Amino acid sequence: MANNTLKLYYFNLQARAELIRLIFAAAGRPWNDVRFENKEWPQYKPKMILGQCPVLELPDGTQIPQSLTISRYVARENGLAGKDNLESAKIDAVADTQRDLNDVFHSKILFEKDQTKKAEEIKRFTDGDLFKHVNRLMILKNAYSRDIKYFVGSNLSWADLYVYLSIERIIKSIPNMKNSLDAHFKPTLDMVNSNSNIRKYLNERPVTPF
Amino acid sequence: MATYKLYYFNGRGRGEVSRLIFAAAGQKYEDIRFEGEQWPSHKSEMPLGQLPVLEFNGVKLPQSISIARFLAKQFNLAGKDNFEQAQVDAVVDTIADLVNKFIAVRFEADEAKKQELGKTFFAEELPKQLKNLETLGKLYGKGGAFFVGNQLTWADLLFYDVGESLLGAEANALDNFTFLKQNRAEVAKLPKIAEYLKSRPVTPF
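Each value, and the rule that gives it
Residues numbered from 1 in each chain as written. Chains lettered and ligands numbered in written order. Predicted model: local features only at pLDDT ≥ 70, side-chain atom pairs only at ≥ 80, totals over all residues. Heavy atoms only, no water. Helix = DSSP H or I, 4+ residues; strand = E, 2+ residues; numbered from the N terminus. Rg over C-alpha atoms; globule rule 2.2 N^0.38 Å. Buried < 20%, exposed > 50% of the residue type's maximum accessible area, 1.4 Å probe, protein only. Pairing = 2+ DSSP bridges. Axes fitted to C-alpha atoms, helices over the stretch in contact; angles between N-to-C directions. Contact = heavy atoms within 4.5 Å. Buried area = accessible area lost by both parts, 1.4 Å probe. Salt bridge = Lys/Arg side-chain N within 4 Å of Asp/Glu carboxyl O. Polar contact = N/O pair within 3.5 Å; in protein donor to acceptor, adjacent residues only side chain to side chain. Nonpolar A, V, L, I, M, F, W, Y, C, P; charged D, E, K, R; others polar. UniProt positions renumbered as here; feature names shortened; annotations may be inferred. Domains from an automatic or database assignment.

Turning to the overall build of chain A, a few remarks are in order. Scanning chain A for helices and strands turns up eight helices and four strands. The linear arrangement of helices and strands in chain A, starting from the amino end, is β-α-β-α-β-β-α-α-α-α-α-α. For chain A, whose C-alpha radius of gyration is 17 Å, the value lies close to the compact-globule estimate of 17 Å for 210 residues. Here chain A holds 210 residues, and the buried ones make up 56% of them.

See below:
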């Protein structure tokens, strides 16, 4: 691999690295996609700047932690973070709002092992929080978008990729929400799915439990 | 000429980092502060019904950290290139992890549980996050007192503000963290910041 290539360190999972991978893929930028299994983590942990992952490593060895920071950096390097500071800020606002939704989904539902509790939480989520946050995303899209496929302006940004991954994840966990979520997100979901660089990555990526 | 309006409650909370950025930049702005009872009548004017909101040349932006990043970039307080900005963002995200855990303790309704969570937070979680911040500061700070690149960035201003809240809850919170104490001291000494800290309203939060 060329020695000006960025290295991404993470588990062999989607989770907190997949957005970064999708950004590289959408940009058509090769990267060194280092994936380790759980049992290998003890060997990697001491080499990671904060003992956590994902970590992005530059050719000179400098490491950047924090998944959304890495996502924003890679997006900016590749023209996927807006054309000026104001557009970048709008993209950040969409990403932060998506993250607020994801925080609720992750904490209440995704990792809930008790099936009865999970079903209760799903009902509470779909009755309330889910669409409270979806409406917020739609408000921002109405304010910032110039083309219904994109959340901000009229070009692909990392906000679109983050929404795509997050909404697809929710649909996978709560399949009976697909139609009502499609009603809001279909133009963006279709746009990402039909991007040839992304299609290629999605077809070739390792299959992992999450 | 660019116009800036910041809407928030009359307190530090999630608005103060932006006020510190305006102060450091010497930038005039309209500092709109709502008292509790005024908020309900203004809530529908804000895109997501939440605060803070920045209005920049008539466009409303929600989300406190995105607002702060935008302002910092406007005023060259965000790092000198994309890579430095990423280092600043990494520090900010680490501070945000700390804040989220801190908030979970502060807003725990059950008093007994709150005591328990508070003990664990100050004994274990907080030192871990503070150590992480020192690691980043030493790696990115080029030997200076500021977190990134040997000059003031909004990461320093955010930590200054969060540090104030931590010290308010636990006066010894930073005792074992020389870099972090020195960092806050350097921020407080900057003339524009010192002036702002002297003249800003004193509020309960």
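The rest of the description comes next.
Okay, the sheet that holds strand 3 (residues 55–57) of chain A next. Residue and element names in this part refer to chain A. Within the open sheet, the four strands sit side by side as 2-1-3-4. Their pairing is mixed. Single-partner strands in this sheet number two, and they are strand 2 (32–36) and strand 4 (63–65). The average undirected angle you get between the axes of adjacent strands in this sheet is 20°. Judged from the three bridges that link them, strand 3 and strand 4 form a sheet pairing that is antiparallel. By the bridge assignment for strand 4, Glu57 is matched with Gln63.

Counting residues at the interface gives 30 residues for chain A, matched by 30 residues for chain B. Among the residues chain A hides against chain B, the three largest losses belong to Leu50(A), Arg76(A) and Asn85(A). Together they make up 21% of the total. In this structure, Asp89(B) engages Arg72(A) in a salt bridge whose closest nitrogen and oxygen atoms are separated by 2.8 Å. At the junction of chain A with chain B, the criterion picks out 22 residue pairs in polar contact (both at pLDDT 80 or more). Elements supplying a minimum of two residues to the side of chain A that touches chain B: strand 4, helix 3 (67–77), helix 4 (85–110) and helix 5 (115–144) of chain A. Here the element with the most residues in the side of chain A that touches chain B is helix 4 of chain A; it accounts for eleven residues. Across the side of chain A that touches chain B, the residue classes break down as 13 nonpolar, eight polar and nine charged.

So, on to the UniProt feature "domain: GST C-terminal" (unreviewed entry) in chain B. Mapped onto this structure's residue numbering, the UniProt feature "domain: GST C-terminal" (unreviewed entry) falls at residues 81–205 of chain B. The span residues 81–205 of chain B is 74% helix and 0% strand, and its two end C-alpha atoms sit 34 Å from each other.

On to the domain arrangement of chain A. It is common to report an interface's size as the accessible area lost on association of the parts. Residue and element names in this part refer to chain A. Assigned domains within chain A: domain 1 (7–79 + 197–204) and domain 2 (85–195). Of the residues lining the interface, 13 residues belong to domain 1; the matching set on domain 2 comes to eleven residues. Taking both sides of the interface into account, the surface hidden between domain 1 and domain 2 amounts to around 1200 Å²; carbon and sulfur atoms contribute 68%. Along the contact surface separating domain 1 from domain 2 lie one salt bridge. In this structure, Asp92 and Arg72 form a salt bridge, with 3.0 Å as the shortest nitrogen-oxygen distance. For the pair domain 1 and domain 2, the interface holds five residue pairs in polar contact (both at pLDDT 80 or more). It is helix 1 (residues 18–27) that provides the largest number of residues to the side of domain 1 that touches domain 2, a total of five residues. Its residues assigned to classes, the side of domain 1 that touches domain 2 shows eight nonpolar, two polar and three charged.

It is worth spelling out the UniProt feature "domain: GST N-terminal" (unreviewed entry) in chain A at this point. Using the residue numbers shown here, the UniProt feature "domain: GST N-terminal" (unreviewed entry) corresponds to residues 4–82 of chain A. Counting secondary structure, residues 4–82 of chain A comes out at 32% helix and 20% strand; the distance between its end C-alpha atoms is 24 Å.

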